[in-house]
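So the chains spell out like this:
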Amino acid sequence: MARPEQVLLLEPQHELKFRGPFSDVVTAYLKLSNPTDRNVCFKVKTTAPRRYCVRPNSGIIDAGTSINVSVMLQPFDYDPNEKSKHKFMVQSMLAPPDMTDMEGVWKEAKPDELMDSKLRCVFDMPAENEKAHDMESNKMMSSNLLKSESSSLPLKSLSSTLDDGEVKKIMEECKRLQMEAQRLREENKQIREDDGLRMRKSNMMSSQHSSVGLKREEGLSARSVALIVLFFVVGVIVGKLVL
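Below you will find a few notes about this structure. Just so it is clear, the model here is predicted, and its values are computed rather than measured.

## Observations regarding the overall build of the chain
Helix and strand counts for the chain come out as three helices and nine strands. When its helices and strands are written in sequence order, the chain yields β-β-β-β-β-β-β-β-α-β-α-α. Residues classed as buried in the chain amount to 21% of the 243 residues present. If you take every contact in the chain between residues at least 6 apart in sequence, the share linking residues at least 24 apart comes to 71%. When the accessible surface of the chain is totalled, it reaches about 18,700 Å², and 58% of it is carbon and sulfur.

Now the structure itself:
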């Protein structure tokens with residue numbers, strides 16, 4: 001069964017035009033007019049709900065009045081070669097006389113009671129803004145190219161300024177420095193070994209001196225004991241003679 005003809009008057013009728021630049025929110029306006037003698041319920045739907053913000057997106061238009069709907073396109077990177085496939089649909093139906101719950105009315109509505117009108121979205125970038133966009137893109141590409149060339153320039157200039165003879169001299173100098181470093185490492189190793197040998201000799205000599213000292217002390221202590229014993233014996237003999 002065919003749908004009834006739309007009773008609302010749409011302005012614009014077929015296209016929602018969004019004029020760039022699109023680096024910020026761009027708003028298009030849709031006027032909905034109700035020329036009938038009955039209240040009309042409406043809804044605004046889109047195929048790209050994440051890209052647009054619609055206020056109001058539903059409501060009631062009283063008989064003989066109109067309403068302005070704001071359709072706000074969110075910022076995005078504009079590509080002139082990409083055509084917009086976004087579409088909007090204005091769905092409407094005559095409001096029941098005793099309506100209290102709009103959502104319930106939409107849920108209970110029959111297909112032959114619904115009316116709809118479709119609009120497509122058009123992105124319009126002004127010529128001067130499009131040129132500025134192209135110039136900005138060219139600037140970014142040229143700056144990236146200059147950076148890449150400047151990063152490779154020192155290596156190229158260095159290789160061009162050195163001939164084969166200078167490169168050979170540099171290689172020989174590097175080899176000589178490596179040999180010198182190896183020689184210094186060997187000398188350092190030999191010095192550490194000599195220091196270790198001297199330390200071992202000094203430890204041996206100190207241990208010998210300490211053993212000699214101990215022997216001398218033992219000899220002295222033995223002599224002292226012998227002298228004490230001798231004095232004691234002499235004292236005893238003298239005492240007997242006196243008595």
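## Describing the packing of aromatic side chains
Taken as a whole, this structure holds seven aromatic pairs when the rule is applied. With 5.6 Å between their ring centres and 45° between their planes, Phe18 and Tyr52 make a pair best called tilted. In this pair, Phe18 is assigned in strand S2 (residues 15-19) and Tyr52 in strand S5 (residues 52-55), connecting sequence segments 34 residues apart. Phe18 sits in the buried class, given a relative accessible area of 0%. Take Tyr52: its relative accessible area is 7%, and that puts it in the buried class. Between Phe22 and Tyr78 the ring centres are 5.3 Å apart and the planes differ by 35°, which places this aromatic pair in the tilted class. With a gap of 56 residues between them, Phe22 in the loop between S2 and strand S3 (26-33) and Tyr78 in the loop between strand S7 (66-73) and strand S8 (87-94) connect regions that are remote in the sequence. An identical accessibility class is assigned to Phe22 and Tyr78; each is buried. By way of ring pairs, the aromatic residues Phe18, Phe22, Tyr52, Phe76, Tyr78, Phe88 and Phe123 are connected into one cluster. Taking NZ or CZ as reference, Arg51 lies 4.8 Å from the ring centre of Phe76, over its face.

## Focus on a nonpolar patch on the surface
A cluster of nonpolar side chains, Leu227, Leu230 and Phe231, forms an exposed patch at the surface whose accessible area comes to about 330 Å². Inspection of the secondary structure puts Phe231 in helix H3 (residues 164-242). Residue classification places Phe231 among the exposed residues on the basis of a relative accessible area of 60%.

## Considering the nonpolar core
Counting residues in each nonpolar core, the largest one holds 27 residues, and the members touching the most others are Phe18, Phe22 and Tyr52. If you list the elements that add at least two residues to this core, you get S2, S3, strand S4 (40-46), S5, S7, S8 and strand S9 (115-124). Of the residues forming this core, the biggest block, four residues, is contributed by S3. Setting aside anything within four residues of it in sequence, one finds Phe18 in contact with Val26, Ala28, Tyr52, Val71, Leu73, Cys121, Val122, Phe123 and Asp124. The next biggest cluster of nonpolar side chains, apart from the first, holds seven residues, and it includes Cys41, Met93, Ala95 and Leu114.

## A few points about the side chain of Gln6
Inspection of the secondary structure assignment puts Gln6 in the segment before strand S1 (9-11). Owing to a relative accessible area of 16%, Gln6 belongs among the buried residues under this scheme. From its side chain, Gln6 meets the backbone nitrogen of Leu8 in a polar contact 3.3 Å long. Within the structure, the side chain of Gln6 is placed 3.2 Å from the side chain of Ser117, a separation counted as a polar contact. For Gln6, the residues in contact, after removing those within four places along its chain, are Val90, Ser92, Met115, Asp116 and Ser117.

## So, the pattern of salt bridges
In the structure shown here, the tally under the stated rule is two salt bridges. Between Glu15 and Arg120 there is a salt bridge; the shortest N-O distance is 2.6 Å. Of the two residues, Glu15 is situated in strand S2 and Arg120 in strand S9; the sequence distance between them amounts to 105 residues. On the basis of relative accessibility, which here comes to 29%, the residue Glu15 falls in the partly exposed class. Using a relative accessible area of 45% as the deciding quantity, one classes Arg120 as partly exposed.

Rules behind the numbers
- Residues numbered from 1 in each chain as written.
- Predicted model: local features only at pLDDT ≥ 70, side-chain atom pairs only at ≥ 80, totals over all residues.
- Heavy atoms only, no water.
- Helix = DSSP H or I, 4+ residues; strand = E, 2+ residues; numbered from the N terminus.
- Buried < 20%, exposed > 50% of the residue type's maximum accessible area, 1.4 Å probe, protein only.
- Contact = heavy atoms within 4.5 Å.
- Areas by Shrake-Rupley, 256 points an atom, 1.4 Å probe, with all protein chains shown as cover.
- Phe/Tyr/Trp six-rings, centres within 6.5 Å; stacked < 30°, edge-to-face > 60°.
- Lys NZ or Arg CZ within 6 Å of the ring centre and 35° of its normal.
- Patch = residues over 30% accessible without salt bridge, like charges linked within 9 Å, V, L, I, M, F, W, Y side chains within 5 Å.
- Salt bridge = Lys/Arg side-chain N within 4 Å of Asp/Glu carboxyl O.
- Core = buried A, V, L, I, M, F, W, Y, C linked by side-chain atoms within 4.5 Å.
- Polar contact = N/O pair within 3.5 Å; in protein donor to acceptor, adjacent residues only side chain to side chain.

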